[in-house]
Amino acid sequence: MSLINTKIKPFKATGFKTGKFIDVSDQSIKGKWAVFFFYPADFTFVCPTELEDLADNQATFDKLGVEIYSVSTDTHFSHKAWHDHSPAIGKIRYTMLGDPTAALARAFDVYIEDAGLADRGTFVVDPDGVIQIVEITAGGVGRNAEELIRKIRAAQYVAAHPGEVCPAKWEEGAKTLAPSLDLVGAI
């Protein structure tokens, strides 16, 4: 069953953000766009490249009003240690959520039971707590923050412009479509 257009499940988690441990819940993200960015584990190989890519694009996420939450089954203590010792992870200003019980990974259906790790799953959640975008890739396939940003812009545009949709490769400012009888078979 797809998680698209479903509300996120209630949760509470502790994260590491800019030198502090913070509590995050489904209630604390209400009213904001959010990205839940699951990855297998701290101190690994593809994961730091993805998390650094998000950090390098933090200003754009901020401009779009999007909170980023990276999530692994590590603890918030492990996130702090990684942040303190890795130059790539040291760039991160967004929240790194610990999920040692895998409650979040299970809620988002990305938990790999026999490995005790999360798949590479990306979920964009709107201000009402509804999942608008889901992307899951194989463990060896890293994600691209710029493509995620493009998709977020499209989701935000559609949310702000009922009756319009964004075609393939849509970029901000480009033409959209208004589905109607006139368009059937005309594209």
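My aim in this report is to walk through the structure given alongside it, one point at a time.

1. So, the pattern of salt bridges
For step 1, the next point in the chain: The final tally for this structure, using the stated rule, is ten salt bridges.
For step 2, the next point in the chain: Between E52 and K91 there is a salt bridge; the shortest N-O distance is 2.6 Å. Residue E52 is found in helix 1 (residues 46–56), and its partner K91 is found in the loop between helix 3 (76–85) and strand 5 (95–98); the two are separated by 39 residues along the sequence.
For step 3, the next point in the chain: Accessibility expressed as a relative area gives 23% for E52, which makes it partly exposed.
For step 4, the next point in the chain: K91 gets classed as partly exposed once you look at its relative accessible area, which sits at 38%.
For step 5, the next point in the chain: With a shortest N-O distance of 3.1 Å, R150 and E147 are connected by a salt bridge. Note that R150 and E147 are positioned in helix 5 (residues 145–160) at a spacing of three residues, about one turn of the helix.
For step 6, the next point in the chain: For E147, a relative accessible area of 32% gives the class partly exposed.
For step 7, the next point in the chain: Ionic contacts of the salt-bridge type, sharing partners, join the residues E50, R120 and R143 into one network.

2. Thoughts on the sheet that holds strand 5
For step 1, the next point in the chain: Taken in spatial order, the seven strands line up as 2-1-5-4-3-8-9 in an open sheet, and their pairing is mixed. For this open sheet the edge positions go to strand 2 (20–25) and strand 9 (131–137), each flanked by a neighbour on one side alone. Mean inter-strand twist for the sheet, computed between neighbouring axes without regard to direction, equals 25°.
For step 2, the next point in the chain: As defined by bridge partners, strand 1 (residues 12–17) adjoins strand 2 across six bridges and the pair is classed as antiparallel. Residue G15 lies in a different strand from strand 2, and its bridge partner there is I22.

3. Digging into the nonpolar core
For step 1, the next point in the chain: In terms of nonpolar packing, the biggest core is built from 24 residues, with L51, L54, F61, Y94, M96 and I152 touching the most fellow members.
For step 2, the next point in the chain: Here the element with the most residues in this core is helix 5; it accounts for five residues.
For step 3, the next point in the chain: Non-local contacts of L51, meaning those with residues more than four positions away in its chain, are made with F37, Y39, S70, W82, I89, I92, Y94 and M96.
For step 4, the next point in the chain: Core analysis: the next-biggest nonpolar cluster, separate from the first, contains 21 residues, A13, F38, A102 and A105 among them.

4. Concerning a nonpolar patch on the surface
For step 1, the next point in the chain: On the surface, I4, V134 and I136 cluster together into a nonpolar patch covering about 210 Å² of accessible area.
For step 2, the next point in the chain: Within the secondary structure, V134 sits in strand 9.

5. Focus: the pairing of strand 3 (residues 33–38)
For step 1, the next point in the chain: In terms of burial, strand 3 is largely enclosed, as six of its six residues are buried.
For step 2, the next point in the chain: Burial along strand 3 is two-sided: W33, V35 and F37 and A34, F36 and F38, pointing in opposite directions, are all buried.
For step 3, the next point in the chain: Pairing of strand 3 with strand 4 (residues 66–72), which is carried by six bridges, proceeds in the parallel orientation. Pairing of V35 across the sheet is with I68, part of strand 4.
For step 4, the next point in the chain: In this sheet, strand 8 (residues 120–125) lies alongside strand 3 in antiparallel orientation, the contact comprising four bridges. Across the sheet, the residue bridging to V35 is V124, located in strand 8.

6. Details of unusual backbone geometry
For step 1, the next point in the chain: With a phi close to 60°, F43 is a non-glycine residue in the positive phi region.
For step 2, the next point in the chain: On the secondary structure map, F43 appears in the loop between strand 3 and helix 1.
For step 3, the next point in the chain: Residue K169 is not a glycine yet carries a positive backbone phi of 65°.
For step 4, the next point in the chain: Looking at the secondary structure, you find K169 in the segment after helix 5.

Here is what the cut-offs are and how they apply
- Residues numbered from 1 in each chain as written.
- Predicted model: local features only at pLDDT ≥ 70, side-chain atom pairs only at ≥ 80, totals over all residues.
- Heavy atoms only, no water.
- Salt bridge = Lys/Arg side-chain N within 4 Å of Asp/Glu carboxyl O.
- Helix = DSSP H or I, 4+ residues; strand = E, 2+ residues; numbered from the N terminus.
- Buried < 20%, exposed > 50% of the residue type's maximum accessible area, 1.4 Å probe, protein only.
- Pairing = 2+ DSSP bridges.
- Axes fitted to C-alpha atoms, helices over the stretch in contact; angles between N-to-C directions.
- Core = buried A, V, L, I, M, F, W, Y, C linked by side-chain atoms within 4.5 Å.
- Contact = heavy atoms within 4.5 Å.
- Patch = residues over 30% accessible without salt bridge, like charges linked within 9 Å, V, L, I, M, F, W, Y side chains within 5 Å.
- Areas by Shrake-Rupley, 256 points an atom, 1.4 Å probe, with all protein chains shown as cover.

Honestly, that's just the spatial picture; any functional story needs more than this.
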